[in-house]
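Structural characterization, general
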Amino acid sequence: MLRQVHALEHATVWVLSESSHSVNAGTVSRSLSTDNELLGGMSTDQGFYLYGQVDTVYLRWSVHQALQRITEGEWNLAVHPRCGTNLSVNMLLTAGLALGIHLLLPKGPIEQLLGLGLAATTAAHLAPDLGSVAQQYVTTAIPFNLAIAGVTAIRDDWGRPAHFVRVSWIE
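Residues numbered from 1 in each chain as written. Predicted model: local features only at pLDDT ≥ 70, side-chain atom pairs only at ≥ 80, totals over all residues. Heavy atoms only, no water.

1. Focus on the overall build of the protein chain
If you tally the helices and strands in the protein chain, you get four helices and six strands. Looking at the protein chain as a whole, 36% of its 171 residues qualify as buried. Pairs at least 24 residues apart make up 68% of the contacts formed inside the protein chain by residues separated by at least 6 positions. As displayed, the protein chain has an accessible area near 9900 Å², and 62% of this comes from carbon and sulfur atoms. (Helix = DSSP H or I, 4+ residues; strand = E, 2+ residues; numbered from the N terminus. Buried < 20%, exposed > 50% of the residue type's maximum accessible area, 1.4 Å probe, protein only. Contact = heavy atoms within 4.5 Å. Areas by Shrake-Rupley, 256 points an atom, 1.4 Å probe, with all protein chains shown as cover.)

Here it is as structure tokens:
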């Protein structure tokens, strides 16, 4: 279930990011824009938190839109370039390559430092693509069994605006 919630979180961020919005009298007007880097999320098995300033009515519409689009075949919405999975993959690759180079190169400090730089550079180059693959096959799943139970505006521990999108499991 967590993988499905994670995919819905990503899809919601995509829907929110692809438009600037205004909600007037139940209608939503949209215009194309870039990824909103001020949005962040965290998934749980009961739903996901969305951090950043978003109108609750527009978020409610966006979550439903995201669920509909992802279950109707827009599976690319499940993968997001700013996902923490990419950071984890990058750290794992850097550590693995650094260890491998440490064992292969001579033990001199210059060689080891150059090896660490090579490992970090290689990991940074490979991580976005491998992170996307990890998201696609490991950390997300298409949410065919989810329903949106509600969207609640909250404040985090530091008083910043956030929302919790509660989901329920469909048998």
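Resuming the write-up.
2. Some remarks on the confidence of the model for the protein chain
Scored by pLDDT, the protein chain comes out at a mean of 89, with 89% of its residues at no less than 70. Within the protein chain, the element-level pLDDT minimum falls on strand 2 (residues 27-32), averaging 40, and the maximum on helix 2 (residues 56-71), averaging 97. Across residues 21-34, where pLDDT falls below 50, the model places 28 contacts with residues more than four positions away in sequence or in other chains. (pLDDT = per-residue confidence, 0-100.)

3. Focus: a nonpolar patch on the surface
A cluster of nonpolar side chains, contributed by V133, Y137 and V138, occupies part of the molecular surface with about 320 Å² of accessible area. With respect to the element layout, V138 can be found in helix 4 (residues 109-139). What makes V138 exposed here is its relative accessible area of 53%. (Patch = residues over 30% accessible without salt bridge, like charges linked within 9 Å, V, L, I, M, F, W, Y side chains within 5 Å. Salt bridge = Lys/Arg side-chain N within 4 Å of Asp/Glu carboxyl O.)

4. Topic: the packing of helix 1 (residues 2-17) against helix 2
With their axes 8 Å apart at the nearest point, helix 1 and helix 2 run at an angle of 115° to one another. Viewed along their axes, helix 1 and helix 2 form a crossing whose handedness is right-handed. The segment helix 1 lies against helix 2, with A7, L8, A11, T12, V15 and L16 engaging Y58, L59, W61, S62, V63, Q65, A66, L67, R69 and I70. In terms of residue class, the contact of helix 1 with helix 2 is made up of 12 nonpolar, three polar and one charged. (Axes fitted to C-alpha atoms, helices over the stretch in contact; angles between N-to-C directions. Left-handed = near helix turned anticlockwise from the far one by under 90°. Nonpolar A, V, L, I, M, F, W, Y, C, P; charged D, E, K, R; others polar.)

5. As for the nonpolar core
Formed by 25 residues in total, the largest nonpolar core has its most connected members in L8 and L59. When residues of this core are traced back to their parent elements, those giving at least two are helix 1, strand 4 (47-51), helix 2, strand 5 (146-155) and strand 6 (161-169). The dominant element in this core, judged by the number of residues it contributes, is helix 1, at seven residues. With sequence-adjacent residues up to four places away left out, L8 is seen in contact with F48, V63, A66, L67, P143, L146, I148 and V167. Grouped together as the second largest cluster of nonpolar side chains are five residues, V89, L93, A127 and A134 included. (Core = buried A, V, L, I, M, F, W, Y, C linked by side-chain atoms within 4.5 Å.)

6. Some words on the pairing of strand 6
Taken together, the five bridges between strand 4 and strand 6 define a ladder with antiparallel strand orientation. If you follow G47 over to strand 6, its bridge partner there is R166. Note that strand 5 and strand 6 share nine bridges and pair antiparallel. Looking at strand 6, one finds that R155 is bridged to P161. From the end of strand 5 to the start of strand 6, which pair antiparallel, there are five residues, and G159 there has a positive phi angle of about 85°. (Pairing = 2+ DSSP bridges.)

7. Structural notes on the sheet that holds strand 4
Note on sheets: strands pair through backbone hydrogen bonds, and any given pair is parallel or antiparallel. Strand order in this open sheet of four strands is 3-4-6-5, and the pairing throughout is antiparallel. The two strands at the open ends of the sheet, each matched to only one other strand, are strand 3 (40-44) and strand 5. Taking the axes of each pair of neighbouring strands and ignoring which way they run, one obtains an average angle of 20° across the sheet. Where strand 3 and strand 4 come together, five bridges link them in antiparallel fashion. Bridge pairing in strand 4 places S43 opposite F48. Strand contacts of helix 1: strand 3, strand 4, strand 5 and strand 6, with the helix running at about 160° to strand 3, the strand carrying the most contacts. Packed onto the sheet, helix 2 meets strand 4, strand 5 and strand 6 and runs at close to 155° relative to strand 5.

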